[in-house]
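# Observations on the model geometry
Next come the chains, spelled out residue by residue.
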Number of protein chains: 2
Amino acid sequence: MTNHYLEDLQVGQKIRAGSVTVSEDQILEFARQYDPQPMHADPQAAARGPFRGLIASGWHTAALVMRLAVDSNPLGSLPLLGLGVDGIEWPQPVRPGDTMQVEMEIVEIRPSQSRPSHGIVKIRSTARNQRGEIVFVVTPNCWVPRRPA
Amino acid sequence: MTNHYLEDLQVGQKIRAGSVTVSEDQILEFARQYDPQPMHADPQAAARGPFRGLIASGWHTAALVMRLAVDSNPLGSLPLLGLGVDGIEWPQPVRPGDTMQVEMEIVEIRPSQSRPSHGIVKIRSTARNQRGEIVFVVTPNCWVPRRPA
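Residues numbered from 1 in each chain as written. Chains lettered and ligands numbered in written order. Predicted model: local features only at pLDDT ≥ 70, side-chain atom pairs only at ≥ 80, totals over all residues. Heavy atoms only, no water.

## Some points on the confidence of the model for chain A
Residue and element names in this part refer to chain A. Across chain A, the average pLDDT comes to 95, with 100% of residues at 70 or higher. Within chain A, the lowest mean pLDDT, 94, falls on strand β2 (residues 81-89), and the highest, 98, falls on helix α1 (residues 24-34). The ipTM for the predicted assembly is 0.95, set against a pTM of 0.96. (pLDDT = per-residue confidence, 0-100. Helix = DSSP H or I, 4+ residues; strand = E, 2+ residues; numbered from the N terminus.)

## Quick word on the interface of chain B and chain A
The partner chain A presents 31 residues to the 31 residues of chain B that form the contact. Each partner contributes to the roughly 2700 Å² buried at the junction of chain B and chain A, and carbon and sulfur atoms together form 64% of this total. Contact with chain A buries surface across chain B, with Y34(B), W59(B) and R67(B) losing the most and accounting together for 25% of the total. Within the side of chain B that touches chain A, the residues separate by chemical class into 19 nonpolar, six polar and six charged. As paired strands, β2(A) and strand β2 (residues 81-89) of chain B are joined by four bridges and run antiparallel to one another. By the bridge assignment for β2(B), G84(A) is matched with E89(B). (Contact = heavy atoms within 4.5 Å. Buried area = accessible area lost by both parts, 1.4 Å probe. Nonpolar A, V, L, I, M, F, W, Y, C, P; charged D, E, K, R; others polar. Pairing = 2+ DSSP bridges.)

## Focus: the sheet that holds β2(A)
Taken in spatial order, the ten strands line up as β1(A)-β3(A)-β4(A)-β5(A)-β2(A)-β2(B)-β5(B)-β4(B)-β3(B)-β1(B) in an open sheet, and their pairing is antiparallel. Each edge of the open sheet carries a strand with a single partner, namely β1 (14-21) of chain A together with β1 (14-21) of chain B. Taking each pair of neighbouring strands and ignoring which way they run, the sheet shows an average axis angle of 25°. Here strand β4 (residues 118-128) of chain B pairs with strand β5 (residues 134-145) of chain B via nine bridges, running antiparallel. Within the sheet, the bridge partner assigned to I120(B) lies in β5(B) and is W143(B). (Axes fitted to C-alpha atoms, helices over the stretch in contact; angles between N-to-C directions.)

Spelled out as structure tokens, the structure:
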């Protein structure tokens, strides 16, 4: 696999990641471990609630999108390591049976002040459901090494 | 459980959540499902890598902190529902055996423009490890209903 170093990346560059379909069992399993609220972990209570059905924990959505990002190898075999995230939006819920498709775009590249061997690359990842509705947007700042001399 | 509506909350209010210790097995299980990079999912490769050992996926840390937040019932039995997050920081890695302690603070309360029955409450959650080092900061914007008339 070809590694993509800081010098190989460009603002505006897009990376299409794969897609994932999330089942009710997966939503329940994640929620019962990490976010056991009725809307995520109890199908009957969720059906009576404001969303009229079960919705995935937003952190489950984030984890599923991370998996798609990792599998798309945007930096080749270099690690995808986030220092932090500028923001997350969950504009629409993710429901059992929904399929998310993820697209990543490089929105900023800047040198690291603390480590001249690296830069910080802001990558916006947008997940859409099978109807094309945006369900998740995340904008992490990733450490990317310069090409070794 | 007493519900805490928008009118019951104050900027500056702090909520101490519980603590959680994360094992190597838990780090590996999460990583293999959601973030299968060597530094999170392969102890031997991680030992040779820049962190000199396994570190938790940042999304695993986020999920563990969400669980502590949910269990602390900051709104009583009202759901803790995030519209989005202003930012996340992962200043230090979380390693096997680390114990995280979480404190939440209400940093902003504003009315919802779109739904007068609700407000948006910004809650900053800070997780520290057993040495008091900050390992995770997240600032979600949560929907909170006004007290019913």
